2 protein chains.
Amino acid sequence: MKIGLDVMGGDFAPQATIAGVKLAEAEVPKSDKIVLFGKKSLILTELQKQGMDASRYDIIDAPEVIEMGDSPLKAFSLKPYSSLALGFKFLRNKDIDCFASAGNTGAMLVGGMMVINNIEGIIRPSISTIVPQENGSQSLLLDIGANPDCKADVLYQFGLLGSVYAETMMNIKKPRVALLNIGEEEKKGNLLFQSVHQLMKDNDDFNFVGNIEGGDLFSDKADVFVTDGFNGNIVLKLIESLYGILLKKGIQDSLVDNFDYEKIGGTPILGINAPVIIGHGISNAQAIKSMILLARNVHKQRLVKNIKNALSHYYLNLK
Amino acid sequence: MKIGLDVMGGDFAPQATIAGVKLAEAEVPKSDKIVLFGKKSLILTELQKQGMDASRYDIIDAPEVIEMGDSPLKAFSLKPYSSLALGFKFLRNKDIDCFASAGNTGAMLVGGMMVINNIEGIIRPSISTIVPQENGSQSLLLDIGANPDCKADVLYQFGLLGSVYAETMMNIKKPRVALLNIGEEEKKGNLLFQSVHQLMKDNDDFNFVGNIEGGDLFSDKADVFVTDGFNGNIVLKLIESLYGILLKKGIQDSLVDNFDYEKIGGTPILGINAPVIIGHGISNAQAIKSMILLARNVHKQRLVKNIKNALSHYYLNLK
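Definitions and cut-offs
Counting restarts for each chain: residues are numbered from 1 in the order of the written sequence. Each chain is given a letter, starting from A, and each ligand a number, starting from 1, according to the order in which they appear as written. Local features in a predicted model are, by the rule used here, given only for residues with pLDDT of at least 70; side-chain atom pairs are given and counted only at 80 or more, and totals for whole chains, interfaces and linings are based on all residues. To obtain the side-chain values, all non-hydrogen atoms of the structure were used and water was disregarded. In what follows, residue pairs with any heavy atoms lying within 4.5 Å of each other are defined as contacts. Summed over both partners, buried area is the accessible surface (1.4 Å probe) that two parts give up on being assembled. For this analysis, a salt bridge means a side-chain nitrogen from Lys or Arg found within 4 Å of a carboxyl oxygen belonging to Asp or Glu. Counting of polar contacts relies on pairs of N or O atoms within 3.5 Å, with two restrictions inside protein: one atom must be capable of donating a hydrogen and the other of accepting it, and residues adjacent in sequence are counted only when both atoms are side-chain atoms. Numbering of helices and strands starts at the N terminus; helices are DSSP runs of H or I of at least 4 residues and strands are runs of E of at least 2. Copies are brought into register by a least-squares superposition over C-alpha atoms of residues with pLDDT of at least 70 in both. Every angle, taken between N-to-C directions, lies between 0 and 180 degrees, and every axis is a line fitted to C-alpha atoms, over only the stretch in contact when it is a helix. An angle counts as roughly parallel when it lies under 35 degrees, as roughly antiparallel when it exceeds 145, as roughly perpendicular when it falls between 65 and 115, and as oblique in every other case. Each helix crossing is assigned a hand: it is left-handed if the near helix lies turned anticlockwise from the far helix by less than a right angle, otherwise right-handed if that turn is clockwise. Residue polarity is assigned by list, with Asp, Glu, Lys and Arg as charged and Ala, Val, Leu, Ile, Met, Phe, Trp, Tyr, Cys and Pro as nonpolar; anything else, Gly included, falls into the polar class. A cavity here means a set of points on a 1 Å grid, drawn over the protein atoms and nothing else, where a 1.4 Å probe fits but cannot get out; a pocket is an open set with protein on both sides within 12 Å along at least five of seven lines, and a residue lines either one if it has an atom within 4 Å of a point. Grid points are joined across faces, edges and corners, and a volume is the space filled by probe spheres set on the points. As used here, the term nonpolar core means buried Ala, Val, Leu, Ile, Met, Phe, Trp, Tyr and Cys residues forming a set that is joined through side-chain atoms within 4.5 Å. Here's how the labels work: a residue is buried when its accessible area is under 20% of the maximum for its type, exposed when over 50%, partly exposed in between, all with a 1.4 Å probe on protein chains only.

(A) Main features of the interface of chain B and chain A. Every contact between the two is made by 35 residues of chain B and, on the other side, 34 residues of chain A. Across the chain B to chain A interface the summed buried area is about 3200 Å²; carbon plus sulfur atoms make up 69%. The largest contributions to the chain B side of the interface with chain A come from Ile182, Phe230 and Leu238 of chain B, which together make up 21% of the buried area. For the pair chain B and chain A, the interface holds 4 salt bridges. Note that Glu134 of chain B is salt-bridged to Lys248 of chain A, the shortest N-O span being 2.9 Å. Our count for the chain B to chain A interface comes out at 6 residue pairs in polar contact (both at pLDDT 80 or more). Looking at the side of chain B that touches chain A, the elements with two or more residues in it are β7 (176-181), α7 (191-200), α8 (229-248) and α9 (254-258) of chain B.

And the structure:
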């Protein structure tokens, strides 16, 4: 397997990204190859600094860098020799099997949709986060920001995407999919979520368990929480900030510890034709390592294929 | 001043409501009168049980009770002799100056809009919550559930309502009003919040400071956070549940302590013609006491009048 990594992506690149590669090495079989995208001279210097053997890696020289402030929509045409643009090109041409970056999230989403393309039938791809539960288990929340405006059928597909992710990557059988809502009764919520509830009710594509309120996001009542990217992003950032505050205050606790994003590594773009992982901008070496391993696993577990299978079942039902 | 209290409202009524009255007594001047709405025999028994002097209170006998499961829209016509229906009637007739209940929130909102009526020019009244800040100060978040579907002008008015509340009740001069959003730039957010940003930008009614993300809900960047009732309710319940989890784990901390709803007592219905306070269903005596004092303060500080003044300025500008 060839795992592509954007060495230039993230607030602490390239030091943190190369350090992450070093940490990942121990857990990646020798038969796999990590392919490094970035400024070659810079990569070689950093590898040497960290006492690593450059011959173990494929290095793809990318003289340009897409910065956090660059327009996601224009980045690929304006900077075709950036690590992101080249990474996506290699992935599309199957020269690598998966690609991961902690760089510009917007550009990653554009690359996913425009270069890799949506899986046929997917209206909008989605990004997600793991939400640790009070009892130690993990749930998935999506969308967390790719789609601030959603239509009902898009939210329905998020239920399907989340369900396949939970089954494939989190090893949960028949994942319980819930709508994050403001009341448990089916008539609760805004007009959009009331109509999504009707779409999901008695559906044949995933195991819908109804509405769940914000107060039950940690009480293991569902494996997948579906929301739109506006609400999901606010919830995610809120949880992250509380985690940060508690950490700063030195509050130690198993639940709090499980909010540590370093262990997760990032989110795949769910619903596109190849494994692409978006890491957190503030990723340190540990987070980059987790991101590399997540990219590897998404490919290994055939997440994309499983989503395609679930979709074909969904479209068969629509006919 | 006459302060109306629904003795029957809340999960632990009438024990907790009467105990709350007992606690409030110490802080309410003798010249004020607490008016108790509920089943008279039950109230008298409870007052005696708790060793209180019944002659200190006006007791309005209300043989019917609006339950949590009753339809808010039908409750007032089906149960005209309930504590809620009578309380609202007394308030409308100015036989009391303010009214508080920890009962059925939906029925409270209906009573507020249908019996007390919106202040002229208010499209939708709103309910709010106090959000403690990391530095010890307090901010306001609204709406928290009365309006799951909002139009842009409704959200604009929430900015005005929140600003007047923060100035009148929280003693903040020129309160900083922010939109709770998914990015700080003005083009960020869903279509609704992008358009609200344009409405609020450079406005003349309150001090708009721009978009603030979910990660800055506790970092004292704004005094008032405006959101719709769908997102706001999810955020509120999420925070409440985390507070509960941390409490259960015995985690002691000044910030965590400040999330204690007992100290707040509830939320006024902002934008109606008289002071109505909605308490938390699980209110204990301490929370009921805070709710009674809040009702008293909302009347004393002339919140309704201040909102009317701010609104007349707003409508003058529209002409």
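(B) Geometry of the relation of the copies chain B and chain A. At an RMSD of 0.0 Å, chain B and chain A line up after a rotation of 180 degrees and a shift of 0.0 Å along the axis. Those values place the two copies in the arrangement expected of a two-fold rotation axis. Of the C-alpha atoms belonging to chain B, the one lying closest to the rotation axis is found on Asn231 of chain B, 2.9 Å away. Looking at the interface residues of chain B, 97% of them are also at the interface in chain A, so both copies use one shared face.

(C) Structural view of the packing of helix α6 (residues 152-169) of chain B against α7 of chain B. Residues and elements named next belong to chain B. It is the contact of α6 with α7, at a shortest axis distance of 9 Å, that shows an interaxial angle of 50 degrees. Here α7 runs oblique to α6, going by the angle between their axes. In this structure, α6 meets α7 at a crossing whose hand is right-handed. Touching Ala152, Asp153, Leu155, Tyr156 and Gly159 of α6 are Leu192, Phe193, Ser195, Val196, Leu199 and Met200, all from α7. Here the contact of α6 with α7 is built from residues that sort into 8 nonpolar, 2 polar and 1 charged.

(D) Structural detail: empty space enclosed by the protein. All chains considered together, the criterion is met by 4 cavities of 30 Å³ or more. Taken together, 15 residues make up the lining of the largest cavity; nearest its centre are Leu242, Tyr243 and Leu246 of chain A together with Leu242 and Leu246 of chain B. Those elements giving two or more residues to the lining of the largest cavity turn out to be α8 (229-248) and α9 (254-258) of chain A together with α8 and α9 of chain B. Along the lines of polarity and charge, the residues of the lining of the largest cavity split into 15 nonpolar, no polar and no charged.

(E) Structural view of the packing of α8 of chain A against α8 of chain B. Relative to each other, α8 of chain A and α8 of chain B sit at 25 degrees, their axes nearing to 10 Å. It follows from the interaxial angle that α8 of chain A and α8 of chain B lie roughly parallel. Here the hand of the crossing between α8 of chain A and α8 of chain B comes out right-handed. When α8 of chain A is examined against α8 of chain B, the residues Phe230, Asn231, Ile234, Val235, Leu238, Ile239, Leu242 and Leu246 of chain A are found in contact with a partner set consisting of Phe230, Asn231, Ile234, Val235, Leu238, Ile239, Leu242 and Leu246 of chain B. Here the contact of α8 of chain A with α8 of chain B is composed, by residue class, of 14 nonpolar, 2 polar and no charged.

(F) Layout of the nonpolar core. Within the largest apolar cluster, 223 residues are counted, with the highest numbers of intra-cluster contacts made by Leu36 of chain A together with Leu36 of chain B. Not counting chain neighbours up to four residues away, the residues in contact with Leu36 of chain A comprise Leu5, Val7, Ile18, Val21, Ile43, Leu47, Tyr57, Asp58, Ile59 and Ile60 of chain A.

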